[in-house]
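Coordinate analysis (summary)
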Amino acid sequence: MTILRVGVGSGNPVKRRAVELAVGSAGDDDLPGGPTGVAVESVPVDSRVSEQPTGHAETVAGAENRARAALEPDRDLGVGIEGGVAGFDGADERFLIMWAAVTDGDRVGRAAGPSLALPANVAARIDDGAELGPVMDDLLGTDGVATRGGAVGALTNGRVDRAEALAAAVSGALGPFVAELY
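We now turn to the structure provided with this report. (Residues numbered from 1 in each chain as written. Predicted model: local features only at pLDDT ≥ 70, side-chain atom pairs only at ≥ 80, totals over all residues. Heavy atoms only, no water.)

**Structural notes on the nonpolar core**
Heads up, the condition is: Residues belong to a common nonpolar core when they are buried Ala, Val, Leu, Ile, Met, Phe, Trp, Tyr or Cys residues joined through side-chain atoms within 4.5 Å. Only protein chains enter the calculation, and the probe is 1.4 Å; a residue is then buried if its accessible area is under 20% of its type maximum, exposed if over 50%, and partly exposed in between. Strands here are runs of E lasting at least two residues and helices are runs of H or I lasting at least four, both read from the DSSP assignment and numbered beginning at the N terminus. In this analysis, two residues are considered to be in contact whenever any of their non-hydrogen atoms come within 4.5 Å of each other.
Grouped together as the largest cluster of nonpolar side chains are 39 residues, with contacts concentrated most on Val19, Ile81, Leu118, Leu132 and Val170. Sorting the residues of this core by element identifies β1 (3-8), α1 (13-25), β3 (77-86), β4 (95-103), α3 (120-127), α4 (132-140), α5 (150-155) and α6 (162-173) as the ones contributing at least two each. In this structure valine 19 touches Val6, Val8, Gly24, Val40, Val79, Ile81 and Val170, once residues within four positions along its chain are discounted.

**Examining the pairing of strand β5 (residues 108-112)**
Quick reminder of the rule: If DSSP finds at least two bridges between two strands, the strands pair.
Here β5 shows a clear split, with Gly109 and Ala111 buried on one side and none of Val108, Arg110 and Ala112 buried on the other. By the bridge criterion, five bridges tie β4 to β5 in an arrangement that is antiparallel. Its bridge partner lying in β5, threonine 103 is registered against valine 108. The antiparallel pairing of β4 with β5 creates a hairpin that spans four residues between the two strands, and glycine 105 there sits at a positive phi of about 100 degrees.

**What about the side chain of aspartate 137?**
The residue aspartate 137 is located in helix α4 in this model. In this structure aspartate 137 touches Thr142, Asp143, Gly144 and Val145, once residues within four positions along its chain are discounted.

Have a look at this one:
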């Protein structure tokens with residue numbers, strides 16, 4: 001029996017669930033080494049980027065840093081997920097962005113999840129130095145929105161599930177490890 005050991009560079013249960021969804025959506029024959037099972041472990045690590053990453057480059061770097069730190073010698077894959085805020089050419093708004101990175105120590109796969117425009121009042125607070133999670137907690141009168149539905153859930157009134165949105169990014173980042181086209 002071969003178990004594929006996957007480290008998730010976060011203690012956030014939503015990020016772990018996203019990886020479980022992504023890895024579980026690929027058949028065992030597609031996964032590296034053709035394992036008979038998968039073990040996903042949360043590994044709280046430092047992203048080595050700002051608490052509130054801004055721009056795609058910093059957000060991607062955070063995902064890559066988390067993936068490398070979660071790999072460790074006893075794991076087959078390391079996965080990093082990072083949320084950030086960025087602009088896009090051709091759009092005036094600031095957007096919530098999601099990036100994932102997967103590494104086996106030799107290769108790195110990267111992919112983005114959905115992006116959502118931020119309300120102007122939220123974007124203004126982030127531009128003033130606030131973090132998105134606490135801003136959303138304040139606006140919603142809650143605590144720990146980042147470990148539940150996240151900003152994406154609040155901004156879509158639950159139409160986009162945070163774990164599923166992050167799983168889309170992780171699934172894309174798994175591409176080089178599961179598809180022969182790479």
